[in-house]
Amino acid sequence: MVIVNFLKCLAYNFLTVFFANYLLMGIEVEHPSKLPHIGGDLLFPLVLGLLFSSIYPILKVIDQNINLARIGIVAGCLSFGSYAILKFAPLGVEVKTVEGYLLASIVVALGGFLTNFFEMKRANKFPKPPEMPRMS
Amino acid sequence: MTYLRSLLISFLIVFFVNRISPGIYITHYQQIPTVMSDIVFCSFVGFLNASVVPCYSILDVRLTTIKIAIANALISYGAFIVIAIVPFGVEVINIAGILVGGSIVWLVSFFANYLEKISRSFGT
């Protein structure tokens, strides 16, 4: 079930980034992919989707006390950071305007925040049963 | 909330498939704020696919995996067959468009509905 939830998170994040890149103004896809050709417009959402889907699991490993602010800050940093990288080094997707940068970053950060928030809510609803003490 | 998530992923997967699947082309590509007919098509197919489990529940039909899969297959392949005949912002130019596009949309929407079915059976 953990893998299924991770895949679900990945699909949401991947599709949100893909949607933002194609539809929002100020962002341009240089060479749109058509299967079997796979371009940067698919690889960038895939990498960003993987990063966003890993926020909650990684925070959980680092620290057990996860709150919404932490998830929001990490999602915001990842989103704004990755689109800033795109501004200077277009990887198949190009940031044309500041409005595009802000809009895409906000939409993607919101998507990443929501998926991790739901993941946290689900984990809190079904907590792992406490381990039984071993009989010596 | 589960329905909204299912609706969102069903919409996004149609949007994704329209752009990357071979044999499918967007005829009037426009960016926001001009929302064109391809977005209407994505919303419509997404809505239909996401409504499978709620509709079965309203009709008091016992939910089974096979029933969900059949309904999703009919909607997914049917939608691409319809736009192959009547282009509506999206154009299907060969059989690969129907097969690849329909299959991806079917798989993802089935997965979303299956998860919704599980969450309903847990009462969440």
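Keep in mind that what you see is a predicted model, and the values were worked out from it rather than measured.

### Some remarks on the overall build of chain A
Across its full length, chain A holds five helices and two strands. The linear arrangement of helices and strands in chain A, starting from the amino end, is α-β-α-α-α-β-α. Looking at chain A as a whole, 41% of its 136 residues are labelled buried. Looking at chain A alone, contacts between residues at least 24 apart form 74% of all its contacts between residues at least 6 apart. With an accessible surface of roughly 7800 Å², chain A has 73% of that area assigned to carbon and sulfur atoms. Across chain A, the mean location of the 11 positive side-chain charges is 13 Å away from that of the 8 negative side-chain charges.

### Structural notes on the packing of helix α3 (residues 55-62) of chain A against helix α4 (residues 68-88) of chain A
If you want to describe how two helices pack, look at the angle between their axes and the distance between the axes. Residues and elements named next belong to chain A. Two elements in contact, α3 and α4, have axes separated by 11 Å at closest approach and are oriented at 125°. The angle between the axes of α3 and α4 places the two elements in the oblique class. Note that α3 runs across α4; the crossing there is right-handed. Contacts between α3 and α4 pair Ile55, Tyr56 and Leu59 from the former with Arg70, Ile71, Val74, Ala75 and Leu78 from the latter.

### Digging into the pattern of salt bridges
Residue and element names in this part refer to chain A. Enumeration according to the criterion identifies two salt bridges over all chains in this entry. Note that Glu28 is salt-bridged to Lys96, the shortest N-O span being 3.8 Å. Of the two residues, Glu28 sits in strand β1 (residues 27-29) while Lys96 sits in the loop between β2 (93-95) and α5 (98-125), which places them 68 residues apart along the sequence. A residue is classified by how much of its surface remains accessible, and Lys96, at 42% relative accessible area, is partly exposed. Glu94 is the salt-bridge partner of Lys96, the closest N and O atoms lying 3.7 Å from each other. When salt bridges that share partners are traced, they join Glu28, Glu94 and Lys96 into one network.

### Here's the deal with the interface of chain A and chain B
Where interface size is given, it is often the accessible area lost as the parts come together that is meant. Listed by partner, the interface residues are 21 residues for chain A and 27 residues for chain B. Of the roughly 2300 Å² buried where chain A meets chain B, counting both sides, 77% is carbon and sulfur surface. The largest contributions to the chain A side of the interface with chain B come from Tyr12, Leu23 and Lys34 of chain A, which together make up 28% of the buried area. At the boundary of chain A with chain B, the tally comes to zero salt bridges. When residues of the side of chain A that touches chain B are traced back to their parent elements, those giving at least two are α1 (2-23) and α5 of chain A. Per-element tally for the side of chain A that touches chain B: the top contributor is α1 of chain A, with eleven residues.

### Looking at helix α4 (residues 65-85) of chain B
The terminal C-alpha atoms of α4 of chain B, which comprises 21 residues, lie 30 Å apart, in line with the 30 Å expected from a rise of 1.5 Å per residue. Taken as a whole, α4 of chain B has its buried residues at Ile68, Ala69, Ala71, Asn72, Ala73, Ile75, Ser76, Ala79, Phe80 and Ile83 of chain B.

### Some thoughts on the confidence of the model for chain B
With 90% of its residues at a pLDDT of 70 or more, chain B has an overall mean of 82. Of the two predicted TM-score estimates for the complex, the pTM is 0.82 and the ipTM is 0.77.

### A word on the packing of helix α2 (residues 40-53) of chain A against α4 of chain A
Residue and element names in this part refer to chain A. Taken N-terminus to C-terminus, the directions of α2 and α4 make an angle of 160°; their axes are 11 Å apart at the nearest point. Judged on the interaxial angle alone, α4 and α2 are roughly antiparallel. Handedness of the α2/α4 crossing: right-handed. Listed contacts from α4 to Phe44, Leu48, Leu51 and Phe52 of α2 are Ala75, Leu78, Ser79, Ser82, Tyr83 and Leu86.

### Some words on the packing of aromatic side chains
Within this structure, the stated rule accounts for 15 aromatic pairs over all chains. For the ring pair Phe18 of chain A and Phe15 of chain B, a centre distance of 6.4 Å and an interplane angle of 80° mean the geometry is edge-to-face. With Phe18 of chain A in helix α1 and Phe15 of chain B in helix α1 (residues 2-20), this pair bridges two chains. Assigned by exposure class, Phe18 of chain A and Phe15 of chain B land together as buried. Between Phe44 of chain A and Tyr83 of chain A the ring centres are 5.5 Å apart and the planes differ by 80°, which places this aromatic pair in the edge-to-face class. Highlighted residues: Phe44 of chain A in helix α2 and Tyr83 of chain A in helix α4, separated in sequence by 39 residues. Of the two residues, Phe44 of chain A and Tyr83 of chain A, both sit in the buried class.

What counts and how
Residue numbers here run from 1 along each chain, matching the order of that chain's written sequence. To read the labels, note that chains go from A and ligands from 1, taken in the order they are written. Only residues with pLDDT of at least 70 are given local features in this predicted model, and only at 80 or more are side-chain atom pairs given and counted; all residues enter the totals for whole chains, interfaces and linings. The side-chain quantities take in all heavy atoms of the structure and omit both hydrogens and water. Secondary structure elements follow DSSP: runs of H or I of four or more residues count as helices, runs of E of two or more count as strands, with numbering from the N terminus. Throughout this description, buried means an accessible area under 20% of the type-specific maximum (1.4 Å probe, protein chains only), exposed means over 50%, and partly exposed covers the range between. Working rule for contacts: check all heavy atoms of both residues, and any pair within 4.5 Å makes them a contact. Accessible areas in this description were obtained via Shrake-Rupley with a 1.4 Å probe; residue shielding takes into account the shown protein chains only. Positive residues here are Lys and Arg, negative ones are Asp and Glu, while His and the chain termini are left out of the count. The atom standing in for a charge is NZ when the residue is Lys, CZ when it is Arg, CG when it is Asp and CD when it is Glu. Working convention: axes come from line fits to C-alpha atoms, limited for helices to the stretch in contact. Angles between N-to-C directions cover 0 to 180 degrees. Here is the rule for angles: anything less than 35 degrees is roughly parallel, anything more than 145 is roughly antiparallel, 65 through 115 is roughly perpendicular, and the remaining ranges are oblique. Handedness of each helix crossing follows the sense of rotation of the near helix against the far helix: counterclockwise by less than a right angle gives left-handed, clockwise gives right-handed. The salt bridge definition used is simple: a Lys or Arg side-chain nitrogen within 4 Å of an Asp or Glu carboxyl oxygen. Note on terms: buried area is the combined drop in 1.4 Å-probe accessible area of two parts once they are placed together, counting the loss on both. Multiplying 1.5 Å by the residue count of a helix minus one yields the expected span of that helix. The predictor attaches a confidence to each residue, and that confidence, scored 0 to 100, is pLDDT. Within 6.5 Å between ring centres, the rings of Phe, Tyr and Trp (the latter by its six-membered ring) count as paired, and their orientation is classed by plane angle as stacked under 30 degrees, edge-to-face over 60, tilted in between.

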